[in-house]
Amino acid sequence: MKRGFPALFGLASLVLSMALPSCGNPEEGLLRYEELGMDFLLTDDEGQEYRYSEHQGQVRLLFFGFTHCPDICPTTLNDLTKAVEILGKKGQEVETLFVSIDPERDTPERLNQYLGAFPIPVTGLTGSKEQIAEVAQAYGAFYERLDLDSALGYTMDHSTYLYLIDREGVVRYLFRYEDPPERIAAVVDKLL
């Protein structure tokens, strides 16, 4: 197993998850995780520059993943599709950002093809390894390349938080992988 910068994010993510209060019940209200996030410039799935700060004024959901992910990423995208259906017309106002942690394989074209299978407003983002590492660190996200003895060559281990970001660009809620679409819809609805 290769270790490097991304391995450090594992410790940071563990510490972050212990330090941040749990957002278990939507009725408890939204929190403000002002220590998370940053302005960033990446490349979207259309091959265009995407500057985070230029999209203030809309509610966003952000998560880190990769297109060769066998379970977590497609499950999260399916849950988001169901949450958008629950929200109805309002759900189309929410932009989902899928930040690839595998820039080696996830080109803009590959992201566009993969995300096109999901009927929700979702933007795939990629960049250099250094850019992705900086964004992941700013959100306390963890990822690590794991070499495989198979045709795939490698896979990526990664954290599974889904970040709810308000119209001002502040993280307001951290969804866990286990949160059902109904909970996602209920909490997102508070910002719409």
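Conventions and cut-offs
- Residues numbered from 1 in each chain as written.
- Predicted model: local features only at pLDDT ≥ 70, side-chain atom pairs only at ≥ 80, totals over all residues.
- Heavy atoms only, no water.
- Helix = DSSP H or I, 4+ residues; strand = E, 2+ residues; numbered from the N terminus.
- Expected span 1.5 Å × (residues − 1).
- Buried < 20%, exposed > 50% of the residue type's maximum accessible area, 1.4 Å probe, protein only.
- 1 Å grid on protein atoms, 1.4 Å probe; cavity = no way out; pocket = protein on both sides within 12 Å on 5 of 7 lines; lining within 4 Å.
- Points joined across faces, edges and corners; volume = space filled by probe spheres on them.
- Nonpolar A, V, L, I, M, F, W, Y, C, P; charged D, E, K, R; others polar.
- Salt bridge = Lys/Arg side-chain N within 4 Å of Asp/Glu carboxyl O.
- Contact = heavy atoms within 4.5 Å.
- Disulfide = S-S within 2.5 Å.
- Lys, Arg positive; Asp, Glu negative; His and termini not counted.
- Pairing = 2+ DSSP bridges.
- Axes fitted to C-alpha atoms, helices over the stretch in contact; angles between N-to-C directions.

Overview of helix α2 (residues 72-87)
Then comes step 1: The first and last C-alpha atoms of α2 sit 22 Å apart over 16 residues, in line with the 22 Å expected at 1.5 Å per residue.
Then comes step 2: Along α2, the positions that sit buried rather than exposed are Cys73, Pro74, Thr76, Leu77, Asp79, Leu80, Thr81, Ala83, Val84 and Leu87.
Then comes step 3: Following α2 by one or two positions, Gly88 adopts a phi angle in the positive range, close to 65°.

Points about empty space enclosed by the protein
Then comes step 1: The tally for this structure, following the rule as stated, stands at three cavities of 30 Å³ or more.
Then comes step 2: The wall of the largest cavity is formed by Thr76, Asp79, Thr160, Leu162, Arg176, Tyr177, Asp179 and Ile184.
Then comes step 3: Across the lining of the largest cavity, the residue classes tally to three nonpolar, two polar and three charged.
Then comes step 4: Computed from the structure, the second largest cavity encloses a volume of approximately 60 Å³.

Thoughts on the pattern of salt bridges
Then comes step 1: All told, the structure shown has ten salt bridges when counted by the stated rule.
Then comes step 2: For Glu168, the salt bridge is made with Arg32, and the minimal N-O distance between the two is 3.9 Å. Of the two residues, Glu168 sits in the loop between β8 (162-165) and β9 (171-175) while Arg32 sits in the loop between α1 (5-19) and β1 (41-44), which places them 136 residues apart along the sequence.
Then comes step 3: A residue is classified by how much of its surface remains accessible, and Glu168, at 57% relative accessible area, is exposed.
Then comes step 4: Relative accessible area serves as the criterion here: at 40%, Arg32 is assigned to the partly exposed category.
Then comes step 5: Arg105 is the salt-bridge partner of Asp102, the closest N and O atoms lying 2.6 Å from each other. Here Asp102 matches Arg105 in class, with each residue buried.
Then comes step 6: Here the residues in one salt-bridge network are Arg32, Glu34, Asp166, Glu168 and Arg172, joined through shared partners.

Side note on helix α5 (residues 181-189)
Then comes step 1: Within the span of α5, buried status applies to Pro181, Ile184, Ala185, Val187 and Val188.
Then comes step 2: Buried residues in α5 make contact with β3 (60-65), α2, β8 and β9.

Focus: the state of the cysteines
Then comes step 1: Going through the model one piece at a time under the given rule, you end up with zero disulfides.
Then comes step 2: Cys69 takes part in no disulfide bond, and the closest cysteine sulfur to it belongs to Cys73, at a distance of 3.4 Å.
Then comes step 3: Judged by its relative accessible area of 8%, Cys69 falls in the buried class.

A word on the side chain of Asp79
Then comes step 1: Relative to the helices and strands, Asp79 is located in helix α2.
Then comes step 2: No salt bridge is formed by the buried Asp79; its nearest oppositely charged neighbour, Lys82, is found at 4.7 Å.
Then comes step 3: Excluding residues that lie within four positions of it along the chain, Asp79 makes contacts with Tyr177, Asp179, Pro181 and Ile184.

Examining the sheet that holds strand β5 (residues 122-126)
Then comes step 1: Sheet architecture is open: seven strands sit in the order β2-β1-β5-β4-β3-β8-β9, paired in mixed fashion. Across the chains shown, the open sheet's two edge strands, defined by having one partner strand only, are β2 (49-51) and β9. Along the sheet, successive strands turn relative to each other by an average axial angle of 35°, direction set aside.
Then comes step 2: Bridge count for β3 against β8 is three bridges, and the pairing is antiparallel. Among the inter-strand pairings, Leu62 is bridged to a residue of β8, identified as Tyr163.

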